[in-house]
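Residue-level listing of the chains:
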Amino acid sequence: MRYEVDFLIIGSGIAGLSFALKVAPYGKVCILSKGEASEGSTRYAQGGIAAVLYDSDSFDKHIQDTLVAGDGICDREVVEMTIREAPDRIRELVQYGVNFDKSNAGDRFDLHREGGHSEFRILHHKDNTGEEIERGLLEAIRNHPNIELKENQFAIDIITQHHLGQRVTKHTPNIECYGAYALDCSTNVIDTYLAKVTLLATGGMGNVYTTTTTPIISTGDGVAMVHRARGVLKDLEFMQFHPTSLYNPAEKPAFLITEAMRGAGAVLKDYHGNEFMQKYDSRLSLAPRDIVARAIDNEMKIAGVDHLYLDARGIGKEELINGFPNIYAKCLELGIKIDKDMIPIRPAAHYQCGGIKVDRNGESSIHHLYAAGECSCTGLHGGNRLASNSLLEAVVYAHNAAQSAIEQVKTIDFCHQVPDWNADGMVLNEEMVLITQTKRELQELMWNYVGIVRSDLRLQRAFDRLNLIYRETEDLYNRSVLTEELCELRNLIACAYLIIKFARARRENVGLHYSIDLLKEQSNH
Ligand code: FAD
Ligand code: SIN
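Description of the structure in this document. Computed from a predicted structure; not experimentally measured.

Our focus in this paragraph is the packing of aromatic side chains. For the structure on display, the rule yields 10 aromatic pairs. Taking 5.2 Å as the distance between ring centres and 80° as the angle between the ring planes, the aromatic pair formed by Y209 and F241 counts as edge-to-face. Linking Y209 in the loop between strand 9 (189-200) and helix 6 (221-228) with F241 in strand 11 (residues 239-246), this pair joins segments that are 32 residues apart in sequence. Judged by relative accessible area, which is 3%, F241 ranks as buried. Measuring from centroid to centroid gives 6.3 Å for F276 and Y280, while their planes differ by 85°, and the two rings are edge-to-face. Note on F276: relative accessible area 1%, which makes it buried. Among the aromatic side chains, those forming a connected cluster through ring pairs are Y209, F241 and W447. In this structure, R385 packs its charged tip against the face of Y351, placed 4.0 Å from the ring centre.

The structure is reproduced here in structure tokens:
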């Protein structure tokens, strides 16, 4: 089938839905979601969304905390713009119908605190803020006559001059996006979506790693598409590992224990129940995430164990049940009474700070292609994202991108020369087992060699192993009828390649990129 829409949005998390609501009055909007509309990282966000709303806090403090967490390489102008815009965007979320918890008196929002924040400034809805945001936005979308939301539609590639038969390289000036090809997973037909403006809002790539808090849909599809289309990417070496995912090896994705629990008084303890963060940072359990995750990794390696503990017993049963009802219930299911027992935790891949490079309007290096949310790289996070700044970044950039796209759309025509997808290929019976096995191999090699602590040798080894996996998978791809699983595997391989490539190019330890060789070099100087 061929479709024509003014605004094509790939992704139905906070970034895609916020953008849709803004552009809908100006044209026909189509949102593609590869699974159920609500499935994405947004829905799993626990802690909340950071914003300065009251005089007890200040923009300057939030800006400073963001710059410090980012380890000196954030784009200062972007940080200032994002943080100053936050109150307006929060008000809009509330207008769309999102509920944030209020204080007992009901006149103010109840604010939490997380690692790296000098103040209580995290708006939240219990410990399931993302679910509430996703609910509110989806309800607003469903009532809008100009917006069509299509589930189980897997975007394969964005369409550029390459699909018109022209040679496109990194050096081609003026690469343009004409829409996207998408696999309708219910019919197995590949449809052509022609669009005047396309937004990638495809989320993160946590599934490059064995242990991740991100849902299975987080396979870096948007980044891989832009890589194939020869667009500009940035900062992909900065994969953020969340310090405290619940240690329950059989469970995928790993269940998160929100940092807000540390903000409320929970402390990290080693395998023997002793506090250890004093050895690493004066901010103890509330140091920025890169520092805490590395400290936990180090303590686990010293003791030769696969998890440590978070001790939340000091918070008190009532506050635990009222403030963290989902975590309380989840742990209880596993026989852990968090008011009496320590919670077993370990780090897990959580958030990709880098992505598709965008300007302050959310526009990528490819004309008529915008990106927002976790798949994008705005410069806000630098080397390490400050907790609860990503939902904020998504709404701020969805807004900016929408303002720019509304202007642009008036001047763009559909590119009718775009051909339909050539769907030739064979159905290979052994494909599924090969895909599952290869994905596991890929995740293990990234976990073992390109994780929290890196070295030149580990990166080289990862690169060599990945090369083999890449060649085998390309061969399979070229012979097979496309499936979602095969496309996702290919995208994960592209993302793994990019993380390794960016990591090898970064010759300093900064933020989340930490190599023992660079440490030696730095201490020799
Ligand atoms: P997502 O919400 O991940 O949505 C991606 C969308 O893209 C989905 O609809 C998916 O179907 C679609 N998609 C992807 N690929 C394709 C494709 N090929 N074709 C079609 N559709 C596609 N951040 C905070 O600021 N505060 C928090 O408290 C917080 N807690 C978190 C807790 C957890 C467990 C996790 C995993 C993350 C958390 N984060 C938090 C990070 C934050 O939730 C995410 O960065 C943010 O929600 C990403 O939103 P998004 O709209 O970019 O993508
Ligand atoms: C958390 O609740 O700890 C996650 C917050 C975030 O990733 O921003």
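In the region of ligand 1, 39 residues are neighbours, and T42, G48, A155, E374 and S390 sit closest. One of the backbone N or O atoms of I14 is found 3.2 Å from an oxygen atom in ligand 1. Between ligand 1 and the protein, one listed contact pairs a nitrogen atom with a side-chain N or O atom of S390 at 2.7 Å. Taken by itself ligand 1 offers 1000 Å² of open surface, and the protein chains cover 98% of this. Elements that contribute at least two residues to the shell around ligand 1 include exactly helix 1 (14-23), helix 2 (41-44), strand 7 (153-159), helix 6, strand 14 (343-352) and helix 11 (390-409). A per-class count over the shell around ligand 1 returns 14 nonpolar, 20 polar and five charged.

The rules we used
- Residues numbered from 1 in each chain as written.
- Chains lettered and ligands numbered in written order.
- Predicted model: local features only at pLDDT ≥ 70, side-chain atom pairs only at ≥ 80, totals over all residues.
- Heavy atoms only, no water.
- Phe/Tyr/Trp six-rings, centres within 6.5 Å; stacked < 30°, edge-to-face > 60°.
- Helix = DSSP H or I, 4+ residues; strand = E, 2+ residues; numbered from the N terminus.
- Buried < 20%, exposed > 50% of the residue type's maximum accessible area, 1.4 Å probe, protein only.
- Lys NZ or Arg CZ within 6 Å of the ring centre and 35° of its normal.
- Near = heavy atom within 4 Å.
- Polar contact = N/O pair within 3.5 Å; in protein donor to acceptor, adjacent residues only side chain to side chain.
- Areas by Shrake-Rupley, 256 points an atom, 1.4 Å probe, with all protein chains shown as cover.
- Nonpolar A, V, L, I, M, F, W, Y, C, P; charged D, E, K, R; others polar.

That's the geometry; what it means functionally is another story.
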